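Residue strings, one per chain:
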Amino acid sequence: LIVNIKDQPVLHSLLPALSAFDPIHIDATLAPKTLLFNATMPSVMFGSSTVKNGKAFINVTDSAFVYSATADEFHQSKFAFWFADVNGMYDGRIFTTSVSLSDPQHKERFALAATVQQAGDSNVIQLQQGLKLNYKLWAIAQPNRIVFSKDGFYVSNIEISNSGQFVKASSHQSQFNAPLKIEINNFDLENLTNLISTNDTMLADGKLDGSITLEKRGPSLQLASELRVKNLVIKHDTLGDLQVDVSGDVGSKLDAKLTLKGQGNDIALAGAYYQQPMNGNDFNFNLDIKALNLHSFETLSMNEFRNSSGSIRGNFKIAGKFSSPDITGNLQTDSLTTTIARLNGTYKMPAEKITFSSNTISFVNFNILDVKGNKAVISGAIDTKYLPELGFALTVTADKWQVLHSTIKDNKEYYGDLFVSSKLSLKGTSSAPVADGYVNILKGTKITITNTDSKPQVQSNVGVVEFLNLHDTARPKFLVVANKDSVQHKFATGSEMNINTNVSSEAEFNLVIDPASGDFLTMKGEANLNTSVTPGGVISLSGNYALHSGAYQLNYNFIKRKFLILDGSTMTFAGDPIKGTTLDVTAIYEAKIPPYDLIMRQVSDPTQLNYYKQVLPFNINLHLKGQVMQPVINFDVVLPENKVYPLTPDQIELVQSKLSQLRSDTAELNKQVFAVLILHRFVSEDPFSSSSPGLGFTALQSVSTFIGEQLNQAANKVVKGVDFSVDLATAADYTTGSLQQRTDLNLAASKRLMNDRLKLTLGNDFELQGPQTNNQQSSYVPNNLAADYLLTADGKYTVRAYRRNYDEGVLEGFVTRSGLDFILSVDYNKFRYIFRKPKNEKE
């Protein structure tokens, strides 16, 4: 039986978590006394799990069962395993198995081997030598046994050890349900946590000591444990020494005491956990925080906080159910200072207090100071009765408070400095908030917002169209679910928002319209805006932003020009903060250039024409209208009328008349605009009458380059196994005494042999247009030949033999050259690295 499973849309409908997979191949053979099964999975992505190069093998005969399963990579969320191998056999008496995990370099990191044998009504597990934890080989005491039966289990002489570390487990007697004691000495937690940690994340570390005793008394299992972890490290944060003592009846009540001391931390948690609720409580604990050093928990916060100092103190009683805990007590900051990573804002909370009472978190003038000592004050309460839903009754006031002080490294979407004064009232719930008040954006604000969607792209073309017979009652009815990207996020019905925002004329905002090209808009002005929520729960922003100054940076290929925004330009907000924002902006670029080429066809007297070589301050007006992230751009050329020029009124009138004529021909106007921006000059109506080829010829060069690229792509699609190169170039030629357009075509084909070590290339040059060189052969026999051989497989050293025709101009024509080259290719980011030794290069 041979089965090939291919990626089909119907599989995605049946298994929604299935992202993608390469074809799965199954080869199975079934006979009266044998079963042979082979399966290969090159790549499978299911939910957050990924398997690469997975293989499974089973061979069953009448006397033995052999199995193995391997995978080069297995990823689950943030955890990863490489080169996993599970194999074993069963011969009718003993079942053997071994497990091996390696690192990305294929070096074995973890290994375990064991056997299972039936002895009467019991099953006996025995650990075999070869245990490896975090690359280190551990000794296993022999003989050892773990015996299971329907009556219970017991353990005999289980001990693993390495360099003073050991873990022992043994029952008091070799009989079922005898008391079991586990002893741990100086065990490095990294031995186990690295099993599920990625290369760049250490889950936990520290030295573990202690003991665990399990004893069955009647129907109940009694637990008594004393565990200590010295220098506990979690995700690279050293928290201190941890001690955990647990005792009691596993089936009813467990008493626990946990202490954490060191690294500025002094925390104690003590109380009881109930297997069956007692007085309506699943647990009842007292939490005493004498000191919690925020700095030691920064990595645990996913680095959302940094550069922290000071501590938090508090005392709490925690009881109730996990779904709705009852927390009472106080939390107080003690000279606490921290920086929020995304905002890069440093905030101080000298001695602020939060009170926890039944289902309520209360703030009484909770002060948050910025780096200059300006305050943001929180007062009110948060209702936690219906978790995870929160109820709000808060007021937040701020006076010249710095919210943001970040760079693009902190947050690519928005960064800069933001200063505000505000008074806000927040009521309602977390899903349906009610907000009211004002926010004033103050002098000193300078924010940059980046358009992350620079160009529209097809995100996915995978979909299912299923045709159903709705009269077939036996067939399940599938619901059509909209793409999650098309769902508009909004507040629940009942949300209200009425926030007025005033923007200072000294506040500066930058919009990066196209991160790829570098186009950006910088603005200063005054704004009166209102933020509200529509009846459907969608956020709406309305109002006008009157611009007084700013600039639009235009980057188009090699054009880089800054246009200054004209006072009176506006931004209008109407609905969606991004899509509903429109521009009506005029920006000016001043170019001091002569009008000579612009009007030379209108002036027949050469002596009069020379006057127009005087430099005049022309304005290139840029008009932006439409949506802020996709504005419609128009240009104009203006000679200001309120200035004194070194020309007569009649001459100025002629220039103004020509500009008016341009405005009636958009194509000609744009040509002149781009000529000024690119060449810093006008171009005449007949470009060949001036000293340069003109803008039209520049466009022709770009077009021939484009055609060459398209021919390249087409040739490579038609002929497989051979690389084609097509080069079409247009250039200006003055060899005949006048401007002539010249077009040359170069064709080349190459083939790789000997495992890509040898590359053979042949080609030819063709003169399609323009003056011909004096000795170019008209034969279509290739004149350009080359052979490249890689002396080393990495391509660092290459030798090339060649014969090539070179164009040396009309007089000499094409010259044939032959030779031998030796090529050295080196990758480097600093010049000195070219000369480093191979040993240093490997390091």
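Cut-offs used in this document
Residues numbered from 1 in each chain as written. Predicted model: local features only at pLDDT ≥ 70, side-chain atom pairs only at ≥ 80, totals over all residues. Heavy atoms only, no water. Helix = DSSP H or I, 4+ residues; strand = E, 2+ residues; numbered from the N terminus. Buried < 20%, exposed > 50% of the residue type's maximum accessible area, 1.4 Å probe, protein only. Polar contact = N/O pair within 3.5 Å; in protein donor to acceptor, adjacent residues only side chain to side chain. Pairing = 2+ DSSP bridges. Expected span 1.5 Å × (residues − 1). Arc of directions from axis to C-beta. Contact = heavy atoms within 4.5 Å. Phe/Tyr/Trp six-rings, centres within 6.5 Å; stacked < 30°, edge-to-face > 60°. pLDDT = per-residue confidence, 0-100. Core = buried A, V, L, I, M, F, W, Y, C linked by side-chain atoms within 4.5 Å. Salt bridge = Lys/Arg side-chain N within 4 Å of Asp/Glu carboxyl O.

Asks: Teacher, can you tell me more about the side chain of Asp-597 here?
Replies: Here Asp-597 shows up in helix 3 (residues 596-599). Classification of Asp-597 as buried rests on a relative accessible area of 11%. A polar contact of 2.6 Å, which involves the side chain of Asp-597, links it to the side chain of Arg-681.

Asks: How should I be thinking about the pairing of strand 9 (residues 108-119) in this particular structure?
Replies: Two faces make up the sheet, and in a regular strand the side chains alternate between them. Relative to strand 9, strand 8 (residues 94-102) runs antiparallel, the two being bridged by nine bridges. Residue pairing across strands places Ser-98 opposite Ala-113, the latter belonging to strand 9. Note: strand 9 against strand 10 (residues 122-127), six bridges, orientation antiparallel. Paired with Gln-117 across the two strands is Val-124, which belongs to strand 10. Here strand 9 hands over to strand 10 after two residues, with Gly-120 in that stretch at a positive phi of 65 degrees.

Asks: Any chance you could explain the environment of Asn-764 here in plain terms?
Replies: Within the secondary structure layout, Asn-764 lies in strand 46 (residues 758-769). The exposure class assigned to Asn-764 is buried, which follows from its relative accessible area of 5%.

Asks: Teacher, can you tell me more about helix 5 (residues 649-663) here?
Replies: Owing to its 3.6 residues per turn, the α-helix brings residues three or four apart onto one side. A rise of 1.5 Å per residue sets the reference length of helix 5, with its 15 residues, at 21 Å; its end C-alpha atoms lie 21 Å apart and thus fit the reference within 8%. Gln-651, Ile-652, Val-655, Gln-656, Lys-658, Leu-659 and Leu-662 are the residues of helix 5 that are buried. All buried residues of helix 5 project into a common sector of 155 degrees when viewed along the axis, lining one side. Exposed and oriented more than 90 degrees from the buried face of helix 5 are Pro-649, Asp-650 and Glu-653. Looking at the buried positions of helix 5, the neighbouring elements they touch are helix 3, helix 4 (606-609), strand 42 (616-627), strand 43 (632-638) and helix 6 (666-679).

Asks: What exactly am I supposed to notice about the packing of aromatic side chains here?
Replies: Centre-to-centre distance and the angle between the planes together describe a pair of aromatic rings. Inspection of the entire model under this criterion finds 19 aromatic pairs. Ring centres 5.7 Å apart and planes at 55 degrees place the aromatic pair Trp-138 and Phe-187 in the tilted group. With a gap of 49 residues between them, Trp-138 in the loop between strand 12 (136-137) and strand 13 (139-140) and Phe-187 in strand 18 (residues 180-188) connect regions that are remote in the sequence. Judged on exposure class, the residue Trp-138 and its partner Phe-187 are both buried. Taking the centre distance of 6.3 Å and the plane angle of 35 degrees together, the rings of Phe-283 and Phe-285 count as tilted. You can call Phe-285 buried: its relative accessible area is 16%.

Asks: So what exactly am I meant to see when it comes to the confidence of the model for the protein here?
Replies: Low pLDDT marks regions whose predicted coordinates should not be analysed in detail. On average, the protein scores 81 in pLDDT, and the residues at 70 or more come to 82%. For the protein, the element scoring lowest by mean pLDDT is helix 7 (residues 695-718), at 47; strand 13 scores highest, at 95. Throughout residues 454-489 the model reports pLDDT below 50, and contacts reaching past four residues in sequence, or to other chains, amount to 12 contacts. The low-confidence segment residues 687-711, where pLDDT is below 50, has 36 contacts with residues more than four positions distant or belonging to other chains.

Asks: Before we go on, may I ask you to explain unusual backbone geometry in this structure?
Replies: Most peptide bonds take the trans configuration, and most residues that are not glycine carry a negative phi. Omega for the bond connecting Gln-142 with Pro-143 falls within 30 degrees of zero, at -10 degrees, which places this linkage in the cis form. Counting through the fold element by element, Pro-143 comes out in the loop between strand 13 and strand 14 (145-149). Omega for the bond connecting Leu-387 with Pro-388 falls within 30 degrees of zero, at 5 degrees, which places this linkage in the cis form. Relative to the helices and strands, Pro-388 is located in the loop between strand 30 (375-383) and strand 31 (391-406).

Asks: Is there a simple way to explain helix 6 in this structure?
Replies: Between the first and last C-alpha of helix 6 there are 19 Å, a value that for 14 residues agrees with the 20 Å anticipated at 1.5 Å per step. Of all the residues in helix 6, the buried ones are Glu-668, Leu-669, Gln-672, Val-673, Ala-675, Val-676 and Leu-677. Backbone geometry just downstream of helix 6 places His-680 in the positive-phi region, at approximately 55 degrees.

Asks: When you look at the pairing of strand 27 (residues 345-349) in this model, what are you seeing that I'm missing?
Replies: Side-chain alternation along strand 27 places Gly-345, Tyr-347 and Met-349 on a buried face and Thr-346 and Lys-348 on a face that remains uncovered. Where strand 26 (residues 325-340) and strand 27 come together, five bridges link them in antiparallel fashion. Along strand 27, the bridge assignment pairs Ile-340 with Gly-345. Between strand 26 and strand 27, which pair antiparallel one after the other, the connecting turn spans four residues, and Asn-344 there sits at a positive phi close to 50 degrees.

Asks: Quick question: what am I supposed to make of the nonpolar core here?
Replies: The nonpolar side chains of soluble globular proteins are, as a tendency, buried together. Ranked by size, the top nonpolar core spans 111 residues in total, and within it Met-523, Tyr-545, Phe-563, Met-571 and Phe-618 carry the most contacts. For this core, the leading source of residues is strand 41 (residues 581-593), giving six residues. Contacts of Tyr-545, omitting those with residues within four sequence positions, involve Val-503, Ala-507, Phe-509, Met-523, Lys-524, Gly-525, Glu-526, Ala-527, Ser-569, Thr-570, Met-571 and Phe-573. Membership of the second largest hydrophobic core comes to six residues, among which are Leu-18, Ile-26, Ala-39 and Val-44.

Asks: Just to check I follow, could you spell out the pattern of salt bridges for this structure?
Replies: Note on pairing: side chains with opposite charge can pair once their charged atoms come close. Applying the stated criterion across every chain, the model contains 12 salt bridges. The closest approach of N and O atoms between Glu-590 and Lys-643, which form a salt bridge, is 3.5 Å. With Glu-590 in strand 41 and Lys-643 in the loop between strand 43 and helix 5, this pair connects stretches of sequence that are 53 residues apart. Of the residues examined, Lys-643 reaches a relative accessible area of 38% and is grouped as partly exposed. Notably, a salt bridge pairs Asp-636 with Arg-663, separated by 2.9 Å at the nearest N-O pair. Note that Asp-636 is positioned in strand 43 and Arg-663 in helix 5, a separation of 27 residues in sequence. Exposure remark for Arg-663: the relative accessible area of 35% places this residue in the partly exposed category.

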